[in-house]
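One-letter residues, chain by chain:
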Amino acid sequence: MKLTAIRLTNVRRFGDPVEITGIGSGLNVLSAPNEHGKSTVFDALHALFFKDAKSWDKEVRALAPYAGGDPEVEVELSYQGSEYRIAKTFTKASGKGFARVWRNGALVHQADAAEAFLGSLIAPPKEGPVGMLWVRQGLTDFSDAKDTLVSRRDLMSSLSGEVEAVTGGPQIDGLRRRLRVDLDRLVTSRGARKGGPLAESEARVVELVERRDILVAQITELRQLLDQRQSLRRERDELSALNEVEARQSRLVRAEKALTVAQRHREQCEKAGRALDLAISRRDGQMARIDTQAARLADYARTTKEQQQAVERRATAATIAEQAAQQLNTAEMEAKAARAAVSSARKAVATALRLEASEQAELHRRELVERLAQFDALQVEIAADRQQAKQGLDASALEQLEELAQLVSLARHARAVSAAALSVAYLPEAEMQLLFNGETLADGAEVSLADGGTLMIPGLANVTLRPGHSDDAEALLGAEAGLRAALDALGFDTLDLARASHQARLAAVMRLKEGEATQRALARDGRDALVTAIASLPDAAEEMADGQIERQPVIRPDRASLEVALANAETSQTEAEALLVKCRTEEAAAQKSAHISLANAEAVEVALSRAVQALGDAEVASAELETLRAGMSALEQAVAEARADDTRLTATAPDLDQAQASCQRARSVVEAAQARLQALAQDLAVLDARISAHASHAVEEELAEVIDQLEVAEALQQTLLFEVATLRRLDQALQVAQEGEQAQYLGPLMAELTPLLRRLWPEAQLQIDADSVLPSQLARGVAEEQLSQLSGGTQEQLALMVRLAFARLLAKSGRGIPVILDDALAYTDDARIEALFDALTLQANDLQILVFSCHQKSFRDLGGTSIAIRPASVRR
């Protein structure tokens with residue numbers, strides 16, 4: 001089966017009929033932007049082949065157009081040497097949809113018979129291969145694997161030729177089922193079966209092991225308690241020995257005496273330190289007073305000098321500020337004159353611009369008025385065309401008449417073929433010829449007698465021939481009556497008049513569209529917007545009323561010369577403004593400098609006053625400084641003597657911290673020994689009680705009995721585990737044998753798939769799961785990757801190649817169908833897509849492939865037959 005054309009009417013966005021024609025037998029590419037309708041075509045094809053015409057389920061409802069109407073889908077295809085046309089119309093009314101099939105131009109199936117024929121062409125998607133080879137957008141990863149599993153297995157089975165070899169043989173399957181029954185009695189996939197023999201054995205072993213461990217722990221604990229009591233008694237005897245007690249007390253007395261000596265020496269050191277700090281404080285105070293007096297004398301000399309300099313700077317700054325003020329006054333006058341000149345020039349330019357704008361507005365008004373007149377004239381023609389477009393015969397009614405006319409033609413042809421015929425063979429000596437219905441019968445000519453007639457034998461007789469009754473005649477009469485009734489119902493005498501009415505309607509529709517397009521060109525936003533635009537323009541009367549333009553003839557000034565004068569005035573103004581800014585800046589800087597000089601002079605006066613106030617009389621202050629410096633030697637001598645005493649006492653001081661630590665340690669040893677003896681007495685009493693309690697039970701005898709029971713239980717458990725391992729090993733061996741047989745099962749698929757695979761990865765090996773007949777693992781070099789670990793692009797490429805391999809197998813088995821891919825290479829990079837394009841081109845030699853893609857630039861290099869969605873042409 002190979003598609004040759006597709007037509008859609010009232011399908012989603014396609015309210016008007018569209019078609020895809022020129023579909024070749026090999027590779028066909030429909031490359032168009034998003035929202036162009038590619039997925040709509042895919043869904044429509046799916047509905048035609050796999051949805052009953054009477055259905056109105058969710059998928060069929062999704063085909064309904066946005067504006068309402070009944071979806072119609074039609075295809076043309078070649079199948080077994082004949083050309084077929086298949087059409088389906090889906091309708092919301094329950095059970096009203098219908099299907100039809102034409103073969104070589106003749107209607108051969110309708111309604112249920114048409115559905116049955118479609119079923120013979122191609123199986124439903126959940127059982128047949130279309131669910132695998134017709135790939136919807138975004139579903140390249142075998143999302144329908146479960147739905148197409150039966151189809152894949154059936155195809156492999158038919159190709160291998162040995163069903164038992166594919167399944168591994170019924171004997172092996174039966175043996176493996178019995179093995180699993182025996183295993184299920186003992187274990188599950190998670191471990192021992194609950195309530196089974198192995199689970200009970202394991203529970204008994206665990207119970208005995210736990211009891212054994214408890215008894216062993218009890219015996220171990222008793223032995224530990226005896227050892228612990230012996231150790232505590234030995235420690236108690238050592239701590240309470242008389243010599244140990246006396247030694248601890250002697251160490252404590254010596255440590256306390258040493259601590260007392262160290263504390264007294266520490267007090268003498270602290271006293272010497274305080275004397276040293278006092279001598280240093282007196283010396284440092286004297287030095288501070290000397291530094292203060294010297295600083296006051298230096299400050300007085302510095303401020304006296306600064307006061308003289310500040311007076312000179314103040315006078316200079318005042319002179320500069322006065323000069324800057326005079327320059328600023330001159331610059332302000334020049335700038336004012338430049339501004340006046342610019343204002344006058346701008347007024348002259350504005351007057352010239354208003355005159356030009358008035359002329360342009362008048363021209364624009366005339367253009368808009370003319371467009372409005374054309375718009376109103378077209379409005380009358382459009383109303384007439386719209387009325388005529390509603391009248392003539394529509395396409396659906398004409399198509400029904402054409403179908404009835406075709407039925408009449410077919411019935412007439414069938415009657416002519418089955419009717420009796422008359423032929424004449426004249427003798428050589430005959431001198432005259434016979435006439436039939438007034439026309440001469442030529443020698444050897446054959447005349448149909450379907451409608452009867454009159455045979456004239458010149459000079460002898462007229463023979464009247466009447467046709468007999470036949471089913472073909474009744475069929476012709478019925479077909480002609482149906483056509484006549486349809487014409488009468490529509491009000492036409494002949495089919496040609498109906499066709500002429502339809503053509504008139506189409507012509508009116510075309511004129512209507514052209515008129516509306518012309519109106520939109522004249523008034524893009526509508527007539528009201530055009531009227532509003534005309535009203536918004538001021539007319540000459542308004543301008544004269546507003547005093548904008550004088551209507552009397554005037555000489556229009558030269559706008560170019562006025563603009564040059566304006567530019568010169570603005571340049572002069574810019575220069576004057578720049579000079580003004582400069583003068584203002586200089587004047588402000590001069591004023592600021594004068595204020596700063598004044599402030600500095602005042603600050604220096606204040607500083608000088610403070611220096612005099614702090615110092616007093618300068619000569620008296622100098623004398624006091626000399627007296628303070630003379631007394632420093634006695635203070636330095638006192639500091640040296642105090643430091644010598646402090647150093648001597650510090651050098652001979654014992655370590656107080658060490659003495660404190662030794663005393664604390666000796667005291668803690670005595671206290672710890674006493675506390676330990678008390679704790680040992682309590683611990684020994686507790687141990688005596690616990691040892692007495694353990695000794696009263698026969699723990700060792702019970703342990704021996706539990707060990708014997710545990711050996712028996714473990715032996716039973718090992719026997720059951722050995723049985724489980726044996727059953728599993730046998731099942732594994734049977735599975736290996738079965739998988740070896742299944743290798744032939746995948747042979748045909750791998751023979752088709754391997755050449756495709758090597759186009760992308762020369763050394764790649766693809767592992768196919770025997771159960772699902774789908775790829776599970778890809779090996780490239782030394783790396784082996786699960787299918788789920790591969791990138792989206794690699795999974796997409798593998799899925800496409802596997803589908804092509806299955807398509808080739810179907811074609812070889814005599815069940816070839818087209819491969820349809822809707823944006824199936826969305827994640828493939830530029831390098832690999834070239835290799836896939838080569839693979840598609842190669843496979844197209846034996847397969848029909850339809851590729852829908854929105855990647856126009858990428859698929860430009862795919863080649864093949866380029867197809868497109870176009871408005872449908874009128875079919876007779």
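Just so it is clear, the model here is predicted, and its values are computed rather than measured.

**Considering the overall build of the protein chain**
And step 1. Scanning the protein chain for helices and strands turns up 21 helices and 23 strands.
And step 2. Here the protein chain, with 876 residues, has 34% of them falling under the buried criterion.
And step 3. For the protein chain, restricting intrachain contacts to residue pairs at least 6 apart in sequence, the fraction spanning at least 24 positions comes to 72%.
And step 4. For the protein chain, the exposed area adds up to about 51,900 Å²; of that, 53% sits on carbon and sulfur atoms.

**Observations concerning the side chain of K51**
And step 1. Here K51 is to be found in the loop between α1 (38-50) and α2 (58-61).
And step 2. Accessibility expressed as a relative area gives 16% for K51, which makes it buried.
And step 3. If we skip the residues at most four places from it in the chain, K51 touches H46, D57, E59, V60, K88, F90 and E115.

**So, the packing of aromatic side chains**
And step 1. Taken as a whole and judged by the stated rule, the model has 3 aromatic pairs.
And step 2. Ring geometry for F49 and F50: centres 6.3 Å apart, planes at 45 degrees, overall tilted.
And step 3. What makes F50 buried here is its relative accessible area of 16%.
And step 4. Within the aromatic cluster, the residues linked to one another by ring pairs are Y79, Y84 and F117.
And step 5. The ring of W102 has R85 sitting right over it, with the charged end atom 3.8 Å from the ring centre.

**Notes on the pattern of salt bridges**
And step 1. The full count for this structure, using the stated rule, is 30 salt bridges.
And step 2. Its salt-bridge partner being E115, residue K88 comes within 3.0 Å of it at the nearest N-O pair. Taken together, the positions of K88 in strand β5 (residues 82-89) and E115 in helix α3 (residues 111-121) put the pair 27 residues apart, joining distant regions of the chain. Judged on exposure class, the residue K88 and its partner E115 are both buried.
And step 3. Between D688 and R229 there is a salt bridge; the shortest N-O distance is 3.0 Å. A residue pair is termed long-range when its members are at least 10 positions apart, and D688 in helix α18 (residues 656-695) and R229 in helix α8 (residues 197-239) qualify at 459 residues.
And step 4. Judged by relative accessible area, which is 29%, D688 ranks as partly exposed.
And step 5. What emerges from the salt-bridge pattern is a single network uniting R7, E19, E74, E76 and R85.

**Some thoughts on the sheet that holds strand β2 (residues 18-20)**
And step 1. One open sheet accounts for 7 strands, arranged β7-β6-β5-β4-β1-β2-β23; its pairing is antiparallel. In this open sheet, the two edge strands, each paired with only one partner strand, are β7 (106-110) and β23 (870-871).
And step 2. Pairing analysis gives 4 bridges linking strand β6 (residues 98-103) to β7, with the strands arranged antiparallel. Looking at β7, one finds that V101 is bridged to H109.
And step 3. Running over the sheet, α1 touches β1 (2-9), β2, β4 (72-79) and β5 and is turned about 105 degrees from β1.
And step 4. Packed on one face of the sheet, α3 meets β4, β5, β6 and β7 and runs near 90 degrees to β7.

**Structural notes on the sheet that holds strand β13 (residues 439-440)**
And step 1. The 4 strands are arranged β13-β12-β15-β16 in an open sheet whose pairing can be described as antiparallel. The open sheet has two edge strands, β13 and β16 (461-465), and neither has a second partner.
And step 2. Judged from the 5 bridges that link them, strand β15 (residues 453-457) and β16 form a sheet pairing that is antiparallel. Its bridge partner lying in β16, G453 is registered against L465.

**A word on a negative patch on the surface**
And step 1. A contiguous patch of negative charge on the surface is contributed by E705, D708, E711 and E714.
And step 2. Structurally, the position occupied by E705 is in helix α19 (residues 699-760).
And step 3. You can call E705 partly exposed: its relative accessible area is 49%.

**Side note on the packing of helix α9 (residues 242-389) against helix α17 (residues 632-651)**
And step 1. Axis separation between α9 and α17 bottoms out at 9 Å; the angle between their running directions is 160 degrees. Viewed along their axes, α9 and α17 adopt a mutual orientation that is roughly antiparallel. The element α9 and its partner α17 pack so that their crossing is left-handed.
And step 2. Here the residues of the contact of α9 with α17 are counted per class, giving 14 nonpolar, 5 polar and 6 charged.

**Examining the nonpolar core**
General note: in soluble globular proteins, nonpolar side chains tend to be found buried as a group.
And step 1. Counting residues in each nonpolar core, the largest one holds 42 residues, and the members touching the most others are L8, F49, V75, L77, I86 and W134.
And step 2. Every element with two or more residues in this core is listed here: β1, β2, α1, β4, β5, β6, α3 and β21 (849-853).
And step 3. Here this core takes 8 residues from α1, the largest share from any one element.
And step 4. Setting aside chain neighbours within four positions, we find F49 in contact with M1, L3, V75, L77, L118, I122 and W134.
And step 5. By size, the runner-up hydrophobic cluster in this structure holds 27 residues, among which are L757, L766, L790 and V819.

**Thoughts on unusual backbone geometry**
And step 1. Backbone geometry places A111, a non-glycine residue, at a positive phi of 55 degrees.
And step 2. Counting through the fold element by element, A111 comes out in helix α3.
And step 3. Positive phi values are uncommon outside glycine, yet N437 reaches one of about 55 degrees.
And step 4. Residue placement: N437 occurs in the loop between β12 (435-436) and β13.

**Quick look at the confidence of the model for the protein chain**
And step 1. This prediction gives the protein chain a mean pLDDT of 79; 85% of its residues lie at or above 70.
And step 2. The model gives residues 159-168 a pLDDT under 50, and that stretch makes 17 contacts with residues more than four places away or in other chains.
And step 3. Across residues 543-552 the pLDDT falls below 50, and counting only partners more than four positions away or on other chains, this stretch makes 11 contacts in the model.

**Topic: the packing of α9 against helix α12 (residues 495-522)**
And step 1. Between α9 and α12, the least distance of the axes is 9 Å, while the angle of their chain directions is 155 degrees. When the axis of α9 is compared with that of α12, the two are roughly antiparallel. Where α9 crosses over α12, the two elements pack in a sense that is left-handed. Residues R371, Q374, F375, L378, Q379, I382, D385, R386, Q388 and A389 of α9 pack against A504, R505, A508, V509, R511, L512, G515, E516, T518, Q519 and L522 of α12.
And step 2. Residues of the contact of α9 with α12, tallied by class, amount to 9 nonpolar, 6 polar and 6 charged.

**A word on the pairing of β1**
And step 1. Across the 8 residues that make up β1, a large majority, 6, are buried.
And step 2. Here β1 runs beside β2; their pairing, made up of 3 bridges, is antiparallel. Among the inter-strand pairings, R7 is bridged to a residue of β2, identified as E19.

**Observations concerning the pairing of β5**
And step 1. Counting buried residues in β5 gives 7 out of 8 residues, a clear majority hidden from the surface.
And step 2. Of the pairings in the sheet, the one linking β4 to β5 comprises 8 bridges and is antiparallel in character. When the sheet's bridge partners are listed, E72 is paired in β5 with T89.
And step 3. The turn joining β4 and β5, which pair antiparallel and follow one another in sequence, is formed by 2 residues; a positive phi near 50 degrees is taken by Q80.
And step 4. Sheet analysis places β5 next to β6, joined by 6 bridges and oriented antiparallel. Considered in β6, the bridge of T89 is made with F98.

So, how was this worked out
Residues numbered from 1 in each chain as written. Predicted model: local features only at pLDDT ≥ 70, side-chain atom pairs only at ≥ 80, totals over all residues. Heavy atoms only, no water. Helix = DSSP H or I, 4+ residues; strand = E, 2+ residues; numbered from the N terminus. Buried < 20%, exposed > 50% of the residue type's maximum accessible area, 1.4 Å probe, protein only. Contact = heavy atoms within 4.5 Å. Areas by Shrake-Rupley, 256 points an atom, 1.4 Å probe, with all protein chains shown as cover. Phe/Tyr/Trp six-rings, centres within 6.5 Å; stacked < 30°, edge-to-face > 60°. Lys NZ or Arg CZ within 6 Å of the ring centre and 35° of its normal. Salt bridge = Lys/Arg side-chain N within 4 Å of Asp/Glu carboxyl O. Pairing = 2+ DSSP bridges. Axes fitted to C-alpha atoms, helices over the stretch in contact; angles between N-to-C directions. Patch = residues over 30% accessible without salt bridge, like charges linked within 9 Å, V, L, I, M, F, W, Y side chains within 5 Å. Lys, Arg positive; Asp, Glu negative; His and termini not counted. Charge placed at Lys NZ, Arg CZ, Asp CG, Glu CD. Parallel < 35°, antiparallel > 145°, perpendicular 65-115°, else oblique. Left-handed = near helix turned anticlockwise from the far one by under 90°. Nonpolar A, V, L, I, M, F, W, Y, C, P; charged D, E, K, R; others polar. Core = buried A, V, L, I, M, F, W, Y, C linked by side-chain atoms within 4.5 Å. pLDDT = per-residue confidence, 0-100.

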